[in-house]
Amino acid sequence: MSWQSHPQAPAADTEVCSLDSVPDGGCIEVGFGVDAQALRLIVLRSGGEAWAYVNLCPHFSLPLNSRPGEFLVTEDRHLMCAYHCALFRFHDGLCVDGPAKDRSLEAVPVTVVDGVVRIGVAG
């Protein structure tokens, strides 16, 4: 199922978070909906740029974090799956090392407008 077909998928231009709420070189999780039915996104930031992905590792369909709000991020801007140590690049979600190598996180298009991260138009 793609993120767009999820029952809680936000529409284009929906506010996701402020850019300042995402640590530079880090990430946060943002949920749309409640409980187990929520669509969970990871928002990553590098300077004034932001990217968003569905919080599911393509290796085992588990969240990338083992504890709420805690993500493993390397100094060279890779997001690590807490369960199997797969490393995903910030800018395109591609796994460059680990059991999901050459597979990608499911990207959710976002734009940054006036310091606010918003859902972009899916291409």
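Residues numbered from 1 in each chain as written. Predicted model: local features only at pLDDT ≥ 70, side-chain atom pairs only at ≥ 80, totals over all residues. Heavy atoms only, no water.

Some remarks on the sheet that holds strand β11 (residues 116–119)
Within the open sheet, the three strands sit side by side as β1-β11-β10. Their pairing is antiparallel. What marks the edges here is a single partner per strand, and that holds for β1 (15–18) and β10 (110–113). Recorded for the sheet is a direction-independent mean angle of 25 degrees between the axes of neighbouring strands. In this sheet, β11 lies alongside β1 in antiparallel orientation, the contact comprising three bridges. Each bridged residue has a counterpart across the sheet, and for S18 the counterpart in β11 is V116. (Pairing = 2+ DSSP bridges. Helix = DSSP H or I, 4+ residues; strand = E, 2+ residues; numbered from the N terminus. Axes fitted to C-alpha atoms, helices over the stretch in contact; angles between N-to-C directions.)

Some remarks on the nonpolar core
In terms of nonpolar packing, the biggest core is built from 17 residues, with V16, C17, L41, V43, V108, V117 and I119 touching the most fellow members. Elements with a contribution of two residues or more to this core: β1, β2 (27–32), β3 (39–46), β4 (49–54) and β11. Leave out the neighbours within four places in its chain, and V108 touches W3, L41, A52, Y53, V54 and I119. Formed by 16 residues, the second largest nonpolar core is a distinct cluster that contains L64, F71, L79 and L105. (Core = buried A, V, L, I, M, F, W, Y, C linked by side-chain atoms within 4.5 Å. Buried < 20%, exposed > 50% of the residue type's maximum accessible area, 1.4 Å probe, protein only. Contact = heavy atoms within 4.5 Å.)

Some thoughts on the side chain of N55
Relative to the helices and strands, N55 resides in the loop between β4 and β5 (72–73). Since its relative accessible area comes to 4%, N55 is described here as buried. The contacts of N55, once residues within four sequence positions are left out, are E29, R40, L41, I42, L62, P63, L64, N65 and F71.

Focus: the pattern of salt bridges
Two side chains with opposite charge may pair up if their charged atoms get near one another. Across all of its chains, the model carries four salt bridges by this definition. Taking the shortest distance from any N to any O, the salt bridge between R118 and D13 comes out at 3.9 Å. Remark: D13 occurs in the segment before β1 and R118 occurs in strand β11; sequence separation between them is 105 residues. Classification of R118 as partly exposed rests on a relative accessible area of 22%. Across the salt bridge formed by R67 and E70, the nearest N and O atoms sit 4.0 Å from each other. (Salt bridge = Lys/Arg side-chain N within 4 Å of Asp/Glu carboxyl O.)

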